[in-house]
Amino acid sequence: MTVLRGLRVLDLGNFITAPLAGMLLGELGADVIKIERPGTGDPFRAFKGGLYSTQFQAHNRNKRSLSLDYTRPEGLAVLDRLVAQADAIILNMRPGVEDKLGLGAERLQALNSRLVVCSITGFGASGPYASRPAYDNVGQAASGWLSMFHAGADPKVAGPAVSDAVAGLYAALGVLGALVERAQTGRGRKVEVSMLEAMIAMACEPLAAMMATGQAPSLHGRAAMSQSYVVTCRDLRRIGLHLSSPEKFWRGLAAAIERPDLLAAYPTRAERVERYPALATTLAEVFAGQDRDYWEPRLERHDVPFMPERRLDELADDPQVQHQGVFYEQVHPRHGALRAAHRPVRYDGDNRSDFRPPPDLGEHTAEVLREAGLSAQDLDILQQAGVV
């Protein structure tokens, strides 16, 4: 099923934000054309040498690659032809760069009034930070997220990119909203998303608490309020618990670990929140007494919200992941079999799409230019000039 079939998206992005937004639209069925500089392409291609790194693969499935130097007049003329036929274009550049390259929304929409132009920046189109370079950890630091995920005198950055992914998700959402409106008005929009605003918006719960109390949440404040715990079992394997607010889950946990005394020691949720560190220590001591295989059936029997902590390399063997058919395999003509995760959105129970493996640089150049109306002679001229 491809709900965006018939829509064409031009992806001029590099690294993560714009490529991820384009990939999300591609996984819903849009024809996404990734336009890259000849010779090098998206800088993520060569992240670990070569031009097909796993970092590039992760954000560029379901696309066709056109190698085109649009900084040259001949290349920009070709891009203009594609713009005239496109439904949306996605860019992630510093403010001012789009206009310098002839990619400003006003010019592009003069070529195609139905075009949705999505511009992703680090800090917005103007303001004191607008011209600064921005990558994931910069977005986390600026938005307050970094402060909520480290402690100690020597903090380390951990986990995957968050700011890039969140900005890309909001960008795809913004494009979809503009396309829905266009179906009614017949005109496109300029969609603007900044990494800073996207990350602040995603922190809706801690922001609401801070604005209500005037105090920033503590490092474990959210865990205390949601009654979330990570416990290490005797065999050093871990379990994640999330009791939330229903009293039945707290009582279920006490029964599963055979500690009815905790019900009297922590009779209300407010006390469990207030005394979270002490309760976390007690639970850690209890779970350290048995292996994880001992605790899992007991927790499940008492309907406690829990799951064993999975490593990424364990996911494919998880029975629920297998049942959902999360992973699929693509075959690239040069690079062989590639595995990835299906889109998480299902329509009428179906998450299938006409999946394309991540493209080689310029793999579809001739194909896309033919569709744009260029002849074989035109292509030869552009190739000889180094434009494609």
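About the thresholds
Residues numbered from 1 in each chain as written. Predicted model: local features only at pLDDT ≥ 70, side-chain atom pairs only at ≥ 80, totals over all residues. Heavy atoms only, no water. Helix = DSSP H or I, 4+ residues; strand = E, 2+ residues; numbered from the N terminus. Buried < 20%, exposed > 50% of the residue type's maximum accessible area, 1.4 Å probe, protein only. Phe/Tyr/Trp six-rings, centres within 6.5 Å; stacked < 30°, edge-to-face > 60°. Lys NZ or Arg CZ within 6 Å of the ring centre and 35° of its normal. Pairing = 2+ DSSP bridges. Axes fitted to C-alpha atoms, helices over the stretch in contact; angles between N-to-C directions. Contact = heavy atoms within 4.5 Å. Parallel < 35°, antiparallel > 145°, perpendicular 65-115°, else oblique. Left-handed = near helix turned anticlockwise from the far one by under 90°. Nonpolar A, V, L, I, M, F, W, Y, C, P; charged D, E, K, R; others polar. Salt bridge = Lys/Arg side-chain N within 4 Å of Asp/Glu carboxyl O.

Let us now look at the side chain of Glu27. When you line up the elements, Glu27 lands in helix H1 (residues 17-27). According to the relative accessible area criterion, Glu27 is buried, its value standing at 3%.

Tallying each qualifying case throughout the model produces 10 aromatic pairs. Arranged with centres 6.3 Å apart and planes meeting at 50 degrees, the rings of Tyr52 and Phe56 form a pair that is tilted. The pair Tyr52 / Phe56 is uniform in exposure class, with both members buried. Three or more aromatic residues joined by ring pairs form one cluster here, namely Phe15, Phe44, Phe47 and Tyr135. When the ring centre of Tyr70 is taken as reference, the NZ or CZ atom of Arg37 above it lies at 5.3 Å.

Looking now at the pairing of strand S3 (residues 63-67). Within S3, 5 of the 5 residues are buried, which leaves the element mostly enclosed by the surrounding structure. Side chains Lys63, Ser65 and Ser67 project from S3 onto one buried face, and the interleaved Arg64 and Leu66 project onto a second face that is buried too. Pairing of strand S2 (residues 31-36) with S3, which is carried by 5 bridges, proceeds in the parallel orientation. Each residue of the ladder has a partner; that of Lys34, found in S3, is Ser65.

This paragraph deals with helix H9 (residues 204-213). By the criterion of burial, H9 is predominantly exposed, with just 0 of the 10 residues buried. Just past H9, the residue Gly214 takes up positive phi, approximately 80 degrees.

The sheet built from 3 strands is open, its strands ordered S7-S8-S9 with antiparallel pairing. Each edge of the open sheet is held by one strand with a lone partner, namely strand S7 (228-232) and strand S9 (306-308). Each strand axis lies, on average, 15 degrees off the axis of its neighbour in the sheet, ignoring direction.

So, on to the sheet that holds S2. Overall, parallel pairing links the 6 strands, which are arranged S3-S2-S1-S4-S5-S6 in an open sheet. At either margin of the open sheet sits one strand with a lone partner, and together these are S3 and strand S6 (190-194). Strand-to-strand twist across the sheet, computed as the mean angle between neighbouring axes with direction ignored, equals 20 degrees. Two elements, strand S4 (residues 88-92) and strand S5 (residues 116-121), share 5 bridges in a ladder whose sense is parallel. Within the sheet, the bridge partner assigned to Ile90 lies in S5 and is Cys118. Packing against the sheet, helix H8 (residues 195-202) makes contact with S5 and S6, and its axis sits at approximately 70 degrees to S6.

The interhelical angle for the contact between helix H11 (residues 247-256) and helix H15 (residues 292-301), taken along N-to-C directions, is 140 degrees, at an axis separation of 9 Å. By the criterion of interaxial angle, the relationship of H11 to H15 is oblique. H15 is crossed by H11, and the crossing has right-handed handedness. Contact residues: H11 offers Leu253, Ala255 and Ala256, while H15 offers Trp295, Arg298 and Leu299. Class assignment of the residues belonging to the contact of H11 with H15 gives a composition of 5 nonpolar, no polar and 1 charged.

On to the environment of Ala337, then. For Ala337, the position within the fold is in strand S11 (residues 336-341). Each C-alpha atom, one on Ala337 and one on Leu146, is 37 Å from the other, the two residues being 191 residues apart in sequence. Ignoring anything within four residues of it in the chain, the contact list for Ala337 reads Glu329, Gln330 and Val331.

Pairs may arise between side chains of opposite charge once their charged atoms sit close together. Tallying each qualifying case throughout the model produces 26 salt bridges. Linking Arg8 and Asp31 is a salt bridge whose minimum nitrogen-to-oxygen distance equals 3.2 Å. In this pair, Arg8 sits in strand S1 (residues 8-11) while Asp31 sits in strand S2, placing the two residues 23 residues apart along the sequence. Two residues, Arg107 and Asp80, come together in a salt bridge whose shortest N-O distance is 2.6 Å. Placement of the pair is Arg107 in helix H5 (residues 105-111) and Asp80 in helix H3 (residues 73-85), with a sequence separation of 27 residues. Judged by relative accessible area, which is 32%, Arg107 ranks as partly exposed. A residue is classified by how much of its surface remains accessible, and Asp80, at 16% relative accessible area, is buried. A network of salt bridges, in which partner residues are shared, links Arg8, Asp31, Arg64, Glu367 and Glu371.

Quick look at the environment of Pro277 now. Within the element layout of this structure, Pro277 appears in helix H14 (residues 276-287). Residues Pro277 and Gly144 lie 133 residues apart in sequence; the distance between their C-alpha atoms is 23 Å.

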